[in-house]
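The residues making up each chain are set out below.
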Amino acid sequence: MGDWAAGADVLTWTAGAGDWFNAANWTNWGDPENTRVPAAGDAAVVSNAGASVVLTGSTPWLASVFVSNATVTFSNWNTTLQATNVTVERSGQLTCFGPFTNNGATNRVSLICSNLTIESGGAINVTGKGWAGGTNTTATYTPGNGPGGASYLL
């Protein structure tokens, strides 16, 4: 947890659940009176047990992001987490909302980073978050099965 750029602020997630871009959810280690969201060059730490962070838009380029004992959920197709170092430790998880349908929003986990470390017990988990199936003029596909799926109803 100590690979931050010299001079960068370290912002720690303090809420149980909430939006990444709500300044009230963060504490600045170097200046506790200056509550704000992580800015370019900062380090972001999400490590309080059971925390649930929703990332609703792209981050600026951060020095590092550290996730442990918490979940960061990506919302929206264009949302990207950008950092030199991204570390997901024990019980930490990156995921997205889903599954999506023809009528719903699409989401994904999108990272741009120089170094990605997923430690034992950490995960990028998108199981069941992709295409949920849908309808077609000739067939109704069961959830999780598109036209190439194993089974569908005629």
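Analysis parameters
- Numbering of residues starts from 1 in every chain and runs along the sequence as written.
- Owing to the predicted nature of the model, reporting of local features is limited to residues with pLDDT of at least 70; listing and counting of side-chain atom pairs is limited to 80 or more, with chain, interface and lining totals taken over all residues.
- Values shown for side chains rest on all heavy atoms present in the structure; no hydrogens or waters enter the calculation.
- Ring geometry is summarised as follows: Phe, Tyr and Trp rings, the Trp one being its six-membered ring, pair when their centres sit within 6.5 Å, and such pairs are stacked at plane angles under 30 degrees, edge-to-face over 60 and tilted between the two.
- Each helix is a run of DSSP H or I of at least 4 residues and each strand a run of E of at least 2, with the numbering of both proceeding from the N terminus.
- Relative accessibility decides the category of a residue: with a 1.4 Å probe and only protein chains considered, values under 20% of the type maximum give buried, values over 50% give exposed, and everything between is partly exposed.

Peer 1: Can you lay out the packing of aromatic side chains for me, pointing to particular residues and giving the numbers?
Peer 2: All chains considered together, the criterion is met by 2 aromatic pairs. For the ring pair tryptophan 13 and tryptophan 26, a centre distance of 5.2 Å and an interplane angle of 85° mean the geometry is edge-to-face. Taken together, the residues tryptophan 13 in strand S1 (residues 10-13) and tryptophan 26 in strand S3 (residues 26-28) connect sequence positions 13 residues apart. Pair check on accessibility: tryptophan 13 and tryptophan 26 agree, each one buried. Taking 4.9 Å as the distance between ring centres and 70° as the angle between the ring planes, the aromatic pair formed by tryptophan 20 and tryptophan 26 counts as edge-to-face. Tryptophan 26 shares its class with tryptophan 20; the two are buried. Aromatic rings pair up to connect Trp13, Trp20 and Trp26 into one cluster.

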